[in-house]
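Residue strings, one per chain:
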Amino acid sequence: MHRVTVNDMSVKDRLDGFRTRFAGCKAVAFADLSTGMVLSSSTREKTTQEHLDALCQKATVSLNGDDATRVAAAFSTSRCMPQTAVLFDRTQQYCFVRSAHDNKEALCILCDSDAPVTDIMAAAVQVLDAIGMEV
Amino acid sequence: MPDSGLEDATRLAGVLAGLATVTDDICGPGRRISRGGAGQVQKAILQEIDETVLRRQVMFTNDRGGVVALDVAERRVLRVSDSQSAGTAPPSSLGNASFLTGEDADAVARTLEAFSVSATDVHVRTALISDPIPAGVIGVSSHDLSRHLLGETPLNAQTKTVETAIAECRSFAFALFDRDGAEGEQITGQAAMGRELQALDAAVTADNGADSQADHCTVWAGLGPDAPVVLLVRCQGRRLWVACDPEQLEACIACWANALGSPD
């Protein structure tokens with residue numbers, strides 16, 4: 001929490017920059033998966049904390065949940081949990097990218113169904129790296 | 001005060017202001033969501049459902065004495081009660097209403113249509129429901145209701161695209177496990193990888209809550225060098241697992257998004 005308070009504008013700026021780079025990006029949140037807390041966020045339209053919390057919860061389940069653990073046990077070649085997860089339904093996509101600097105932190109992204117997932121995930125890794133380097 | 005502190009203070013003030021006007025009061029006059037017109041009323045109702053994440057009782061009233069009470073969570077209608085079907089008195093609670101399945105979408109849509117016809121001055125009142133959603137309850141998604149109420153993609157249009165997506169996936173997937181295929185369980189592609197997917201399916205988390213039951217796909221990636229990406233597709237009661245090259249991720253998502261009825 002202390003780090004985010006100190007660098008909050010920087011993190012927020014990075015999230016704003018990330019979101020505006022992708023037209024289909026509705027919301028992006030920097031979250032602590034261990035506490036389920038959204039540390040900073042940027043949204044295309046005004047949204048509620050309820051929605052951001054739900055976004056963070058989806059990230060926690062997708063990256064750290066039972067199914068993710070089983071998939072990692074079966075297929076991981078580096079004995080690590082999934083670094084990214086994508087969840088999509090009829091109308092939208094969620095991209096969750098774990099920080100390489102702190103595996104409790106992740107970027108949680110909500111975007112349109114036709115948004116370029118691989119580009120978004122690559123950009124998310126860069127944002128997380130930049131945030132991690134600021135520590 | 002530092003800028004970040006000022007931002008937090010502004011946000012807190014906004015939250016407090018919102019709390020002051022919140023309508024979590026099932027006895028209050030409620031918030032007007034539409035002044036009339038069946039299409040507008042239906043859209044307003046759908047918007048309320050679509051914006052409800054935490055489980056709430058959402059009660060709609062109109063100027064003609066019509067009342068519809070919904071049990072909504074994660075943008076899905078779990079139960080419904082209305083003054084017409086309940087008999088005389090408007091529903092004050094959903095205690096006796098039975099839980100819905102995806103097949104009830106048409107019935108729920110008809111209830112909302114009946115409520116909306118000729119209605120003006122539609123208000124909504126909400127109240128949090130603290131009880132957990134019973135295991136296995138699916139409900140009706142706001143998207144399915146949209147299709148029924150606003151004439152979007154027909155339900156049966158999906159069946160072909162699921163089979164098409166499987167066929168497309170087989171062309172590039174390392175392995176695919178189809179638990180509920182027409183011929184029973186099927187493994188295609190590399191046998192060893194297919195058996196890993198089959199084992200995953202056998203151990204998959206028991207479905208809990210509405211969200212896990214909705215048609216959707218989860219993809220896990222970043223499992224290490226030379227590791228595949230793994231997809232779990234839940235669609236029309238079917239469960240499919242796919243392992244593919246990370247470079248095929250976009251293609252795989254595209255074919256399954258189509259199967260799930262993505263608007264594009």
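Look a little higher up for the structure.
Residues numbered from 1 in each chain as written. Chains lettered and ligands numbered in written order. Predicted model: local features only at pLDDT ≥ 70, side-chain atom pairs only at ≥ 80, totals over all residues. Heavy atoms only, no water.

Draft legend 1. Spotlight on the overall build of chain B. Per the secondary structure count, chain B includes eight helices and 11 strands. By the burial criterion, 47% of the 264 residues in chain B qualify as buried. A separation of at least 24 residues holds for 58% of the contacts in chain B among residues at least 6 apart in sequence. About 12400 Å² of surface is accessible on chain B, with carbon and sulfur atoms providing 52% of the total. (Helix = DSSP H or I, 4+ residues; strand = E, 2+ residues; numbered from the N terminus. Buried < 20%, exposed > 50% of the residue type's maximum accessible area, 1.4 Å probe, protein only. Contact = heavy atoms within 4.5 Å. Areas by Shrake-Rupley, 256 points an atom, 1.4 Å probe, with all protein chains shown as cover.)

Draft legend 2. Structural view of the interface of chain A and chain B. Across the contact, 41 residues belong to chain A and 50 residues belong to chain B. Across the interface of chain A and chain B, roughly 3500 Å² is buried in total on both sides, 57% from carbon and sulfur atoms. When the area that chain A buries against chain B is broken down by residue, the three leading residues are Phe 75, Phe 88 and Arg 90 of chain A, summing to 26%. Here chain A and chain B share two salt bridges between them. The partner of Arg 56 of chain B in a salt bridge is Glu 50 of chain A, and the shortest N-O contact between them spans 2.9 Å. For the pair chain A and chain B, the interface holds 13 residue pairs in polar contact (both at pLDDT 80 or more). (Buried area = accessible area lost by both parts, 1.4 Å probe. Salt bridge = Lys/Arg side-chain N within 4 Å of Asp/Glu carboxyl O. Polar contact = N/O pair within 3.5 Å; in protein donor to acceptor, adjacent residues only side chain to side chain.)

Draft legend 3. How the structure looks around the packing of helix α4 (residues 117-133) of chain A against helix α8 (residues 249-259) of chain B. Where α4 of chain A meets α8 of chain B, the closest approach of the two axes is 9 Å, and the angle between their N-to-C directions is 130°. Judged on the interaxial angle alone, α8 of chain B and α4 of chain A are oblique. Contacts between α4 of chain A and α8 of chain B involve Val 117, Thr 118, Asp 119 and Met 121 of chain A from the first element and Leu 249, Glu 250 and Ile 253 of chain B from the second. (Axes fitted to C-alpha atoms, helices over the stretch in contact; angles between N-to-C directions. Parallel < 35°, antiparallel > 145°, perpendicular 65-115°, else oblique.)

Draft legend 4. Looking closely at the nonpolar core. The biggest cluster of nonpolar side chains holds 49 residues, and the ones touching the most others in it are Phe 18 and Phe 88 of chain A together with Val 219, Leu 231 and Trp 256 of chain B. With eight residues, the single largest contributor to this core is α4 of chain A. Apart from residues no more than four positions distant in its own chain, Trp 256 of chain B is found in contact with Phe 88 of chain A together with Val 162, Ala 165, Ile 166, Cys 169, Leu 231, Val 233, Leu 240 and Val 242 of chain B. Core analysis: the next-biggest nonpolar cluster, separate from the first, contains 34 residues, Cys 56 and Ala 72 of chain A together with Phe 177 and Val 204 of chain B among them. (Core = buried A, V, L, I, M, F, W, Y, C linked by side-chain atoms within 4.5 Å.)

Draft legend 5. Expanded view of the sheet that holds strand β1 (residues 31-34) of chain B. Residue and element names in this part refer to chain B. Spatial strand order, β1-β5-β2-β3-β4-β6: six strands in an open sheet with antiparallel pairing. Looking at which strands have only one partner, the edges of the open sheet turn out to be β1 and β6 (140-141). Across two bridges, the pairing between strand β4 (residues 76-82) and β6 is antiparallel. Residue pairing in the sheet places Arg 76 in a bridge with Ser 141 of β6. (Pairing = 2+ DSSP bridges.)

Draft legend 6. Fine view of the packing of helix α3 (residues 66-75) of chain A against helix α7 (residues 191-202) of chain B. One way to put it is that α3 of chain A packs onto α7 of chain B with a least axis distance of 10 Å and a crossing angle of 155°. Comparing their axes, α7 of chain B and α3 of chain A come out roughly antiparallel. For the crossing formed where α3 of chain A meets α7 of chain B, the hand is right-handed. Contacts between α3 of chain A and α7 of chain B involve Arg 70, Val 71, Ala 74 and Phe 75 of chain A from the former and Met 193, Glu 196, Leu 197 and Leu 200 of chain B from the latter. (Left-handed = near helix turned anticlockwise from the far one by under 90°.)

Draft legend 7. Representation of the environment of Val 86 of chain A. Mapped onto the secondary structure, Val 86 of chain A falls in strand β3 (residues 84-88). Judged by relative accessible area, Val 86 of chain A falls into the buried class, the value being 2%. As a C-alpha pair, Val 86 of chain A and Val 97 of chain A span 11 residues in sequence and 8.7 Å in three-dimensional space. Not counting the four nearest positions on each side in its chain, Val 86 of chain A is found in contact with Tyr 94, Cys 95, Val 117 and Met 121 of chain A together with Cys 217, Thr 218, Val 219 and Ile 253 of chain B.

Coordinates in, geometry out; function isn't part of it.
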